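So the chains spell out like this:
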Amino acid sequence: MSNFLRTVCTARRTLQRANLARLYATEAANIAEGNAKPSIYGQPLFQSHPHLLQPHELTPGIPVEDYERRRRTLMEGLPENSLVVCVAAPIKYMSKNIFYKYRQASDFWYLTGFEEPDSAVILEKTSNSRGYRMTLFCSGKDLAKEKWDGAKTSPHEAADIFRADDAQLIENFSSHLKSVTAAHTHVYVDVPPTHTRRGPRATTKSVLKHLSPPTEARSEYDIIVDSLSKKRRALAPEVARLRAIKSPAEQRVMRAAADISGRAHAKTMRFTRPGIPEAALAAHFEYLCAMSGAQRPAYVPVVASGPNALIIHYTSNNHLVRDGETVLIDAGCEYNGYASDITRTYPASGTFTSPQRDLYAAVLSAQKQLVALCHESAELSLHDLHRQSCDLLRQELKQLGFDLKGSDLEYVLYPHFLSHPIGIDLHESTNFDRGATLREGMVVTVEPGIYVPPTSNFPTHFHNIGIRIEDEVLVGKTAPVVLSVSAPKELQTHSDMDTIQLGSDTSVMNDNTYIWIIVAFVSVAILAAFATLFLILFRRKFRSKPGVR
């Protein structure tokens, strides 16, 4: 039977590969192979990757018009004589020449869609119909470097594809910036912090340091820096106001990211068993997301079994899951530029103990009530929702026999904030006003939790239990939309056992489920073959009798 099961598994993997091939079979097959590979661009575009983008999209899922609208709206909100300077993220290194997978700076990507390092954009407010002039800077073509790192987009192609009025090599960035700052009163630019003995401090001189050629005359660089220091305004708050409201295209991409992560949560629940390493669950989750098209994890996953769940950001993931414990997984993928953030807590053995079930039900009840309030007509802010979460959790815990004193809830049992905005960045909170009323189109998390330490002031049977339930919620006009609906969270009682209702969606079936379905089909086929053979033999024997024709 073991050989048979191995054969079945091999057949299933073959079918999965065939399905994956069909998934990516598009009009790319009609492109001559010599033109398709290698790409001549520095990032996926419809011209080179029609299996990833539609003709009207600049980046997967986001139309070129969305980027145009973002820039236009930004410039319309700035005063006359304004200049915007935004630079790409530098390449980051793990050690020496070993680099991390590149991720573009969020604001730069939001405004341009350009994904290459060593690039920058300058937007000048004008009085023409477009409202601004865009100059894009990039590293351009270098055949020697491309032999090692792959293609880069040429300035001519960059101007055409990314709708820039002009595109130049990055070597011209400093001199061009010097020439345009003189004609503008307001220069909106963000400078990275530099660390001093007093902590992080932004310095104007650091804005172009990683982009300026090392041989550039210091006097010219100083002139540029001096001109910025007198006129500089922070760009990030202006862009944050735009990023807070997601366009319909962004909402669709975020729903897709949440679906990928939600299904990975469901499958990882089914994959869990006592004795499995936490690291194996983290790896399984990331594998499932990657196989569904996610580019990277949105953050380091938390896989906290048993008492480890009392550590809010437990990312060591180096223990074994024990029988009778709960498992808290806080994990999400980044898909086409947008993050997802989902937390689920479930029993490792498939069944909650009574205390686990009671505490889970308390957190779930509060969480669902809070999600229902995430709409514009409720006129609530994140601060309002957090206060309500404290009130709801206090009521739930009182019913479970907790005798809360003073700050037991806010500082011990529930020490974190309820929510944060999410989008291109996992936490888009830096320039987000938690006291402002939620508006339609925002996406926020709702993540109440209870973490019971083993101290005498809390009921003993709840000790070392940590429960958190987190969903991504799209704020609607009169009702919320839960983007992370694919991740199971509802309680289900079956034969006096309490567990998480995983549903019947075949997308959450694990390997064993697939195996037994295939075994069932094969068994039916074998029985049918035996029945057919029996009928054939019976008919031959019947016809061979004398007098039978």
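Residues numbered from 1 in each chain as written. Predicted model: local features only at pLDDT ≥ 70, side-chain atom pairs only at ≥ 80, totals over all residues. Heavy atoms only, no water.

Asker: What is the right way to read the sheet that holds strand S18 (residues 342-347) from this model?
Answerer: Within a sheet, each strand pairs with its neighbour through backbone hydrogen bonds, oriented either parallel or antiparallel. As summarised here, the arrangement of the three strands in space is S14-S15-S18, forming an open sheet in which the pairing is antiparallel. Each edge of the sheet is formed by a strand with only one pairing partner; in this case those strands are strand S14 (302-305) and S18. Sheet twist, expressed as the average angle between the axes of neighbouring strands with direction ignored, equals 10 degrees. Pairing of S14 with strand S15 (residues 326-331), which is carried by four bridges, proceeds in the antiparallel orientation. Among the inter-strand pairings, serine 305 is bridged to a residue of S15, identified as valine 327. Contacts from helix H10 (residues 248-271) reach S15 and S18 within the one sheet, and its direction differs from that of S18 by about 15 degrees. (Pairing = 2+ DSSP bridges. Helix = DSSP H or I, 4+ residues; strand = E, 2+ residues; numbered from the N terminus. Axes fitted to C-alpha atoms, helices over the stretch in contact; angles between N-to-C directions. Contact = heavy atoms within 4.5 Å.)

Asker: Looking at this model, I keep getting lost on the nonpolar core. Mind explaining?
Answerer: Generally speaking, a soluble globular protein has its nonpolar side chains buried in company with each other. Counting 105 residues, the largest nonpolar core has Leu74 and Ile450 as its most contacted members. The dominant element in this core, judged by the number of residues it contributes, is H10, at eight residues. Setting aside anything within four residues of it in sequence, one finds leucine 74 in contact with Val84, Leu111, Leu123, Leu235, Glu238, Val239 and Leu242. (Core = buried A, V, L, I, M, F, W, Y, C linked by side-chain atoms within 4.5 Å. Buried < 20%, exposed > 50% of the residue type's maximum accessible area, 1.4 Å probe, protein only.)

Asker: It is not clear to me how the packing of H10 against helix H11 (residues 278-291) should be interpreted in this structure. Could you clarify?
Answerer: The relative placement of two packed helices comes down to the angle between their axes together with the axis-to-axis distance. One way to put it is that H10 packs onto H11 with a least axis distance of 9 Å and a crossing angle of 140 degrees. With respect to their mutual orientation, H10 and H11 come out oblique. As H10 runs across H11, the sense of the crossing is right-handed. Between H10 and H11, the contacting residues are Ile260, Ser261, Ala264, His265, Lys267, Thr268 and Phe271 on the first element and Ala280, Leu281, His284, Phe285, Leu288 and Cys289 on the second. Residues of the contact of H10 with H11, tallied by class, amount to eight nonpolar, four polar and one charged. (Parallel < 35°, antiparallel > 145°, perpendicular 65-115°, else oblique. Left-handed = near helix turned anticlockwise from the far one by under 90°. Nonpolar A, V, L, I, M, F, W, Y, C, P; charged D, E, K, R; others polar.)

Asker: Would you mind going over the packing of helix H3 (residues 64-76) against helix H9 (residues 236-243) with me for this structure?
Answerer: Contact geometry of H3 with H9 gives a least axis separation of 10 Å together with a crossing angle of 130 degrees. By the angle class used here, H3 and H9 are oblique. For H3 against H9, the interelement crossing comes out right-handed. Contacts between H3 and H9 involve Arg70, Thr73 and Leu74 on the former and, on the latter, Glu238, Val239 and Leu242. Split into classes, the residues belonging to the contact of H3 with H9 amount to three nonpolar, one polar and two charged.

Asker: Honestly, unusual backbone geometry in this entry has me stumped. Any pointers?
Answerer: Working note: non-glycine residues mostly have negative phi, and peptide bonds are mostly trans. In this structure, asparagine 317 takes a positive phi of about 50 degrees despite not being glycine. As for its position among the elements, asparagine 317 is in the loop between S14 and S15. When its relative accessible area of 7% is taken as the criterion, asparagine 317 is described as buried.

Asker: What am I meant to see in the environment of arginine 255 here?
Answerer: As for its placement among the helices and strands, arginine 255 is situated in helix H10. What makes arginine 255 partly exposed here is its relative accessible area of 32%. Sequence separation between arginine 255 and valine 482 is 227 residues; the distance between their C-alpha atoms is 8.9 Å.

Asker: What's the story with the side chain of glutamate 396 in this structure? I'm lost.
Answerer: Along the chain, glutamate 396 falls in helix H13 (residues 382-399). Among buried Asp, Glu, Lys and Arg side chains, glutamate 396 stands out as unpaired, with arginine 357 the closest opposite charge at 9.0 Å. A distance of 3.0 Å separates the side chain of glutamate 396 from the side chain of serine 365, its partner in a polar contact. Discounting residues that sit within four places of it in the chain, glutamate 396 has contacts with Ala362, Ser365 and Gln369. (Lys, Arg positive; Asp, Glu negative; His and termini not counted. Salt bridge = Lys/Arg side-chain N within 4 Å of Asp/Glu carboxyl O. Polar contact = N/O pair within 3.5 Å; in protein donor to acceptor, adjacent residues only side chain to side chain.)

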